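Report on the structure
Residues per chain are reported as follows:
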Amino acid sequence: MMKSCVCLLIALMLPGGLAGAAAPVQPASDPAVGAQSPSVTIRVGSKKFTEGVILGEILRLTLVQAGFDAEHLAELGGTRILWNALRTGEIDAYVDYTGTIGEEILAGEPIAGVDDMRAALAESGVAMSEPLGFNNTYALGMQRKRAADLGIGTISDLARHSDLRLGFSNEFMDRPDGWAGVRQRYRLPHGNVTGLDHDVAYRGLASGAIDVTDLYSTDAEIRYYDLVVLEDDLHFFPSYEAVVLYRPDLAQRAPGAVAAIRQIEGTIPEPGMIAMNARSKIDRQPESAIAAGFVEDLFGVPVEVRTTTWLDRLRHRTIEHLKLVGISLTLAILVSIPLGVLAAKVPAVGHVVLGSAGVIQTIPALALLAFMIPLLGLRDVPAVTALFLYSLLPIIRNTTVGLQQIPLDLRQSADALGLSPWAKLLHVELPMASPAILAGIKTAAVINVGFATLGALIGAGGYGQPILTGIRLDDIGLILEGAVPAAVLALLAVGFFNLVGRAVVPEGLRLKAET
């Protein structure tokens, strides 16, 4: 019976189990093009910013228009996550930028031009399209009034104001073409610089919490927040032409797919990309509808946009979240209680078990998810694995402590009755330790529900998807659409295990715990 249950749980972890459908690009709608699709599914990824999501959806719809079955794994995080996913075959294509490719992906390689870049990518098993038609370069920006008051118009001018508060996106902080390079080229004196999420950095700039941040030159936020772009007077930033990176084997697996991808080369001028970004950020139009309009204009084909209700989205996200939490927590319980028993019975082993679980707990969730992508891919499996690992420590520790705190006279009484070690464990020790074990499970459940929202960064969906989209679009409604159900689910999980406690904790111990 137990073996069957474990097999079922593992089966559910696989993509496609228990309604493991791809997450909609934007919670408000999901476009479709009526085309005949072959059996192969082409997976398109996109970075966690508005332009990346729009371009990912344009790419998906272009493939659908050509007759292919394509899905879009939106908002997967930064460059490295997408790059690793492409190389391992978890996705087949995504849009990146030549500056990013040269300065981050191929950093240190002798790249003299586009041809060198294409050849270096080919050595890594990746192909590159021609530019899509626009350059989205990095830039530094400030509030217009603040820049005017200080007389700042160029990046060089920042050197005269060492008291300015600088806050940059986390990726910009770590890239060679980011803050380190800018600071060295312009000899900027600013030392205390804050790393932020890109969308949060914009809001920090608007609120006055920071004075300078990095921009993408085609961002609608420049107009939305009335920012001024500082002139790159020493010409530090390279060109960031948008291109499609894709797997070369796509030509064999889906003949005609590469030709379809190349149909959008040179079709998106910079003003057009800025306008599409503005329609999302300022006009609050769904990225899916914006992409559908572009594809309809480009190919002259009708594109149907199907809207979904809030209730439909809630149902879909709840299933995804319950899947992540239920599988990982169940597996953690099955593994942690035996480990806790072992740790209590064999102290030398216990130190190793608790120490290992404690070390895992200290690993940042984003780092753990990124580390798992080359090993386990995207979506459910790495998310469930990470949640499982984070759930171990509370249950192991509470099981160990609960068993160790059983009074010695009760242990001796069990021995005097002639109970075997196994019978003593099942009928005396585990029932006596059950309140502590259950408390550990409740702690793990709350941690699990909260951490599961990060699964959206690797395409696992759940309540994290509207939260990520809401942060990106500065939409409190979307943030609450994910945050409130997650909080309610955590409370329900605690209530559920309280009911379980009434069934499994002996009445005398339950009354003692309540008093």
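The following refers to the structure shown. (Residues numbered from 1 in each chain as written. Predicted model: local features only at pLDDT ≥ 70, side-chain atom pairs only at ≥ 80, totals over all residues. Heavy atoms only, no water.)

Glancing now at the overall build of the protein chain. Within the protein chain, the regular secondary structure consists of 23 helices and twelve strands. Counting every atom, the protein chain has about 21900 Å² of accessible surface; 61% of that belongs to carbon and sulfur. (Helix = DSSP H or I, 4+ residues; strand = E, 2+ residues; numbered from the N terminus. Areas by Shrake-Rupley, 256 points an atom, 1.4 Å probe, with all protein chains shown as cover.)

This paragraph deals with the sheet that holds strand β10 (residues 227–229). Reading across from one edge, β9-β6-β10 is the order of the three strands in this open sheet, with antiparallel pairing throughout. Two strands in the sheet have a free side with no partner beyond their single neighbour: β9 (213–216) and β10. If you compare each strand with its neighbour and ignore which way they point, the axes differ by 50 degrees on average. Strand direction decides the pairing type here: strand β6 (residues 138–143) and β9, joined by four bridges, are antiparallel. Note on β9: the bridge partner recorded for leucine 140 is aspartate 214. (Pairing = 2+ DSSP bridges. Axes fitted to C-alpha atoms, helices over the stretch in contact; angles between N-to-C directions.)

Moving on: helix α5 (residues 114–123). For α5, the complete set of buried residues consists of Met117, Ala120 and Leu121. When α5 is viewed along its axis, its buried side chains cluster within an angular range of 100 degrees and face the same direction. For α5, exposure combined with an orientation more than 90 degrees from the buried face picks out Asp115, Ala122 and Glu123. Close packing links the buried residues of α5 with α3 (79–87), α4 (98–105), β5 (127–128) and β11 (242–246). (Buried < 20%, exposed > 50% of the residue type's maximum accessible area, 1.4 Å probe, protein only. Arc of directions from axis to C-beta. Contact = heavy atoms within 4.5 Å.)

What follows concerns the nonpolar core. Of all hydrophobic cores here, the largest spans 66 residues; its most connected members are Ile91, Tyr94, Ile101, Leu121, Leu245 and Leu378. Sort the elements by how many residues they give to this core and helix α18 (residues 380–404) lands first, with twelve residues. Setting aside residues no more than four positions away along its own chain, leucine 245 makes contact with Trp83, Leu86, Asp92, Ala93, Tyr94, Asp96, Ile101, Leu121, Val126, Ala127 and Met128. Within the second largest apolar cluster, 62 residues are counted, among which are Val95, Tyr97, Ile155 and Leu250. (Core = buried A, V, L, I, M, F, W, Y, C linked by side-chain atoms within 4.5 Å.)

Okay, the layout of surface pockets next. Volume-wise, the largest pocket comes out at about 1000 Å³. If you trace the largest pocket, you find 39 residues lining it, with Lys48, Gly77, Gly78, Asn170 and Glu171 closest to the centre. Broken down by secondary-structure element, the contributors of at least two residues to the lining of the largest pocket are α3, α4, α7 (170–174), α9 (198–207), α17 (365–376) and α21 (464–473). A class-by-class count of the residues in the lining of the largest pocket yields 20 nonpolar, eleven polar and eight charged. (1 Å grid on protein atoms, 1.4 Å probe; cavity = no way out; pocket = protein on both sides within 12 Å on 5 of 7 lines; lining within 4 Å. Points joined across faces, edges and corners; volume = space filled by probe spheres on them. Nonpolar A, V, L, I, M, F, W, Y, C, P; charged D, E, K, R; others polar.)

Taking 1.5 Å as the rise per residue, helix α2 (residues 50–65) with 16 residues should run 22 Å; its terminal C-alpha atoms sit 22 Å apart, in good agreement. With 15 of 16 residues buried, α2 is to be regarded as a mostly interior element. (Expected span 1.5 Å × (residues − 1).)

Another aspect to go through is the packing of aromatic side chains. Under the counting rule described, the total for this entry stands at 14 aromatic pairs. Here the aromatic rings of phenylalanine 236 and phenylalanine 237 are separated by 5.1 Å at their centres, their planes lie at 70 degrees, and the arrangement is edge-to-face. A relative accessible area of 15% places phenylalanine 236 in the buried class. Site record: aromatic cluster; members linked through ring pairs are Phe49, Tyr97, Tyr138, Phe168, Phe172, Trp179, Tyr216, Phe236, Phe237 and Tyr240. (Phe/Tyr/Trp six-rings, centres within 6.5 Å; stacked < 30°, edge-to-face > 60°.)

With that settled, consider the side chain of aspartate 92. Tracing the backbone through its elements, the reader meets aspartate 92 in the loop between α3 and β4 (93–97). Setting aside anything within four residues of it in sequence, one finds aspartate 92 in contact with Thr41, Ile42, Arg43, Leu86, Leu245, Tyr246, Arg247, Leu250 and Arg253.

Here the focus is the side chain of threonine 400. Relative to the helices and strands, threonine 400 resides in helix α18. At 2.8 Å, the side chain of threonine 400 and the backbone oxygen of isoleucine 396 are in polar contact. (Polar contact = N/O pair within 3.5 Å; in protein donor to acceptor, adjacent residues only side chain to side chain.)

Here we take up the pairing of β11. For β11, the tally of buried residues reaches five of five residues, placing the bulk of the element in the interior. Burial along β11 is two-sided: Ala242, Val244 and Tyr246 and Val243 and Leu245, pointing in opposite directions, are all buried. Two elements, β4 and β11, share five bridges in a ladder whose sense is antiparallel. From the neighbouring strand, aspartate 96 faces β11, where its bridge partner is valine 243. Bridge count for β5 against β11 is two bridges, and the pairing is antiparallel. From the neighbouring strand, alanine 127 faces β11, where its bridge partner is tyrosine 246.

Taken N-terminus to C-terminus, the directions of α2 and helix α14 (residues 287–299) make an angle of 45 degrees; their axes are 8 Å apart at the nearest point. Of the possible angle classes, the one that applies to α2 and α14 is oblique. Along this stretch, α2 crosses α14, giving a crossing that reads as right-handed. For the pair α2 and α14, the contacting residues are Thr50, Val53, Ile54, Glu57, Ile58, Leu61, Thr62 and Gln65 in the first and Glu287, Ser288, Ile290, Ala291, Ala292, Phe294, Val295 and Phe299 in the second. The class makeup of the residues in the contact of α2 with α14 is ten nonpolar, four polar and two charged. (Parallel < 35°, antiparallel > 145°, perpendicular 65-115°, else oblique. Left-handed = near helix turned anticlockwise from the far one by under 90°.)

Turning to the pattern of salt bridges, a few remarks are in order. Charged atoms that come close allow side chains of opposite charge to pair. Summed over the entire model, instances satisfying the criterion amount to 15 salt bridges. Ionic pairing is found between lysine 145 and aspartate 149, a salt bridge with its closest N-O pair at 3.0 Å. Taken together, the residues lysine 145 and aspartate 149, both in helix α6 (residues 144–150) and four residues apart, mark about one turn of the helix. Each of the two residues, lysine 145 as well as aspartate 149, counts as exposed. With its nearest N and O atoms 3.0 Å apart, the salt bridge here joins aspartate 312 to arginine 315. Of the two residues, aspartate 312 and arginine 315 are both situated in helix α15 (residues 310–345); the distance of three residues between them amounts to about one turn of the helix. Classification of aspartate 312 by relative accessible area gives partly exposed; the value is 34%. Connected via shared salt-bridge partners are Asp92, Arg247, Asp249 and Arg253. (Salt bridge = Lys/Arg side-chain N within 4 Å of Asp/Glu carboxyl O.)

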